[in-house]
Amino acid sequence: MDDFVKEKLAEWGLSSLKDIFEQNMIDYESLLLLRGPELKEMIPMVGPRTKLQKNLQRLQQAETELSVKEVLQTTQDGEDIIEELSQDAPNAKARRKMVQIVVSRLVEVYGDRPSKQAKTELAKTIVKEFPKLKDSIGEGHESYYSPGAKGHSPSGFLESRLRNIRRRSFITPRKDDPTPVQPTPTPVQPPSENDLSDAESTVMVTWLKGNRQPATQVRDFMLKTAPRRLKLLQECQEHGEVLMEYPRLLDTPGMVEQDFEVMYPSKATKLYEMWGSKGRRVLQWAETQGSSWKKYITIPDELTEDQADLAVFHILPYLLPPGFHQSAQGKRTKFSKVEAARAFIDIQPVGTNIPQYLRLLEMDLEANQEKAIRKQPYVLALGDMLSPTQVFLMAERLAIEHDSTIAAIDACFKAFYVLNIEYPPACKNVWRFLQHACYGVEGGEREINPTVRSLITAMKKE
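Structural notes, computed from the coordinates.

On to the overall build of the protein. Within the protein one finds 24 helices and six strands. The buried share of the protein, reckoned over its 462 residues, is 48%. For the protein, the share of sequence-separated contacts (at least 6 apart) that also reach a separation of at least 24 residues comes to 63%. Total accessible area computed for the protein in this model is approximately 23600 Å², and 49% of it derives from carbon and sulfur atoms.

What follows is the structure in structure tokens.
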């Protein structure tokens, strides 16, 4: 036992434990590494052990606080990494190296299962020392570490690195680790019901079932019945029954968009407002992420503005991580980037027979109900990726034609909220990105993937 340990025991009023510490040869280094099991074996008495644990926790936190820059400076490439991370647009390679280095230091100090507090403090230190890495949502550090909540696992670059280390060490995960749950669009409070009486509502619903024209009357009746319909969809587990009552919701263009505007009056035109020049920042950000995405998709050098806007949508599934499929037995399998792209926008040749396509889709859904890639709603485009001849919203085994790809994507996003259904697992990160970066719809902030957070931050920079 060295002088440091003796002084600390005296300072904490625990000099009576001096003999125990001497017998166990506890010095400064081993004191900082003491954990619950060792303390329980060394000190059976609950009172002194609890008092020691409290003081020891404070000491360990004070002595092991990490300065990210100081840790980086101890490595060969540290200065280069610091310089790169201080740039206006830090590249992903430097960020990955930084995470590897600081997590190695974290493991040295705390082991491969550091506390939530230790990970949170490290994440905060990273964005404090490198402000350019700060998120534009939350407190700014969540892409590096965000604690799990309500059954969701912790997430972030630090947590991902720690999991990789544990896998390589063949350490069995704790049985009480929460099972990841698919994030769903957060239900909103349905708008207040208007002054429509039950009799008036029944008349309108009955008329809508049998009529598609005149369009102005369909739109008017759908708007007046929207509050009751949206309330039913929020409360009902099986939205198919509600759609039988309101068939015009899907088979009449513009009705999904109208219901969404009732739910979110200020969000209805956000995609059109936010895309354009801001959407092209995705291309700029993509260039900082390496070239791996380019092996999946080729974008011509010469593009019109409309084509450039459209190209960004097609790039997103290759930039953002695909989701996971979870079988009934609990086995998780990651979708490929190609599967994620098809789940977002399925591109088929010009002249595709739509009725036959729908029959094949039905057969695919029945045969692969658990792992069907193209879970509706999604977008179907016929022809060239950047100049399609026809574009459809595919929902509830219907093909609803739209004037453009962006119009179909807008309708598809809104359908998730109007129908109160989950994002498809394969491309959930694409929709989560559009939700927060373009529409500004709240919900699921804890489940945002770190790469999605980074792209959202890049999009919001002036």
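Mapped onto the elements of the fold, Leu52 is located in helix H5 (residues 46-63). Overall, Leu52 belongs to the buried group, its relative accessible area being 0%. Sequence separation between Leu52 and Leu9 is 43 residues; the distance between their C-alpha atoms is 8.5 Å. If we ignore the near neighbours within four places in the chain, the residues touching Leu52 are Leu9, Trp12, Leu14, Leu17, Phe21, Leu39 and Ile43.

Attention shifts here to the packing of helix H23 (residues 428-439) against helix H24 (residues 450-460). When two helices pack together, their arrangement is given by the angle between the helix axes and the distance between those axes. Two elements in contact, H23 and H24, have axes separated by 10 Å at closest approach and are oriented at 35 degrees. When the axes of H23 and H24 are compared, the crossing they make is right-handed. On H24, the residues that touch Asn429, Phe433, His436, Ala437 and Cys438 of H23 are Val452, Leu455, Ile456, Met459 and Lys460. Here the residues of the contact of H23 with H24 sort into seven nonpolar, two polar and one charged.

Moving on, we get to unusual backbone geometry. Each neighbour pair has its own omega, and for Gln213 with Pro214 the value is -5 degrees, a cis peptide bond. Backbone geometry at Met25 places phi at a positive 55 degrees, although glycine is not the residue there. A relative accessible area of 67% means that Met25 is categorised as exposed. At Asn420, a residue that is not glycine, the phi angle is positive and equals roughly 60 degrees. Topologically, Asn420 is positioned in the loop between helix H22 (405-418) and H23.

Further remarks concern the side chain of Thr457. Mapped onto the secondary structure, Thr457 falls in helix H24. Looking at Thr457, the relative accessible area reads 8%, which means it is buried. Filtering out sequence-adjacent residues up to four positions away, Thr457 remains in contact with Lys134, Asp135 and Ser136.

Attention now goes to the packing of helix H11 (residues 198-210) against helix H12 (residues 215-235). Their axes nearest at 10 Å, the elements H11 and H12 cross at an angle of 130 degrees. As judged from the angle between their axes, H11 and H12 are oblique. As H11 runs across H12, the sense of the crossing is left-handed. On H12, the residues touching Asp198, Ser201, Met204, Val205, Trp207 and Leu208 of H11 are Gln217, Val218, Phe221, Met222, Lys224, Thr225 and Arg228. Residues belonging to the contact of H11 with H12 are distributed by class as follows: seven nonpolar, three polar and three charged.

Pairing within the open sheet is mixed, and its four strands lie in the order E3-E4-E5-E6. Of all strands in the sheet, those with a lone pairing partner are strand E3 (345-348) and strand E6 (398-402), marking the two edges. When strand polarity is set aside, the average angle formed by the axes of neighbouring strands in this sheet is 30 degrees. Relative to strand E4 (residues 378-383), E3 runs parallel, the two sharing four bridges. By the bridge assignment, Asp346 is partnered in E4 with Leu380.

How each quantity is defined
Residues numbered from 1 in each chain as written. Predicted model: local features only at pLDDT ≥ 70, side-chain atom pairs only at ≥ 80, totals over all residues. Heavy atoms only, no water. Helix = DSSP H or I, 4+ residues; strand = E, 2+ residues; numbered from the N terminus. Buried < 20%, exposed > 50% of the residue type's maximum accessible area, 1.4 Å probe, protein only. Contact = heavy atoms within 4.5 Å. Areas by Shrake-Rupley, 256 points an atom, 1.4 Å probe, with all protein chains shown as cover. Axes fitted to C-alpha atoms, helices over the stretch in contact; angles between N-to-C directions. Left-handed = near helix turned anticlockwise from the far one by under 90°. Nonpolar A, V, L, I, M, F, W, Y, C, P; charged D, E, K, R; others polar. Parallel < 35°, antiparallel > 145°, perpendicular 65-115°, else oblique. Pairing = 2+ DSSP bridges.

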